[in-house]
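Chain residues, written in single-letter form:
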Amino acid sequence: MTDLGPLEGQARALIALCIEKRLTIATAESCTGGLIAGTLTEIAGSSAVVDRGFVTYSNEAKTEMIGVPADLIKRVGAVSQEVALAMAAGALAKSGADLAIAVTGIAGPGGGSAEKPVGLVHFGLMRRGSPARHAAHVFADRDRAGVRFATVAEALRMLTEAATEG
């Protein structure tokens, strides 16, 4: 098994909770490139929980795979609340999952701006029958790996919170 460090405990707890509550998960990942799904699937028993993961790194993939409108991306940018929520909605619609988490951000080291700095990540989360949720975090003063792993940790936290409710 790969050493997941502190993410292992989070992932194990989430898998156990979802098994107990009979919930399944889909991911839609841009800046993490599949690390959320990869972290979950490192845990034995995850096949009872993980439905599928969409790695939608490019704007075209976001549109083609999970139905994010191209005009929305053009209008507000891929790294935005609107796109994160559209990604989560698309992942839920294209899967049989109960929960969907989506992430889109700027892992760096380049690509940032004053409006959208390196380390900015937008999260979209949907649970069937519940209102969509959004969070935005700037994981500042971290390298590319640090931004990506902080994003995974926050995604697992948000999924755990959503799985606990209801």
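Placed above this text is the structure.
Quantities reported herein were computed from a predicted structural model and do not represent experimental measurements. (Residues numbered from 1 in each chain as written. Predicted model: local features only at pLDDT ≥ 70, side-chain atom pairs only at ≥ 80, totals over all residues. Heavy atoms only, no water.)

With respect to the environment of V55
Within the secondary structure, V55 sits in strand β2 (residues 50–55). Considered as a pair, V55 and I66 are eleven residues apart in the sequence and their alpha carbons are 9.9 Å apart. Not counting residues within four places of it along the chain, the set of residues in contact with V55 comprises E29, G33, G34, A61 and M65. (Helix = DSSP H or I, 4+ residues; strand = E, 2+ residues; numbered from the N terminus. Contact = heavy atoms within 4.5 Å.)

Description of the pattern of salt bridges
Side-chain pairing between opposite charges can occur once the charged atoms of the two side chains come close. If you walk through the whole model with that rule in mind, you get six salt bridges. With its nearest N and O atoms 3.4 Å apart, the salt bridge here joins E161 to R133. A residue pair is termed long-range when its members are at least 10 positions apart, and E161 in helix α6 (residues 144–164) and R133 in strand β5 (residues 133–138) qualify at 28 residues. With relative accessibility at 37%, the residue E161 sits in the partly exposed group. E154 is the salt-bridge partner of R157, the closest N and O atoms lying 2.8 Å from each other. (Salt bridge = Lys/Arg side-chain N within 4 Å of Asp/Glu carboxyl O. Buried < 20%, exposed > 50% of the residue type's maximum accessible area, 1.4 Å probe, protein only.)

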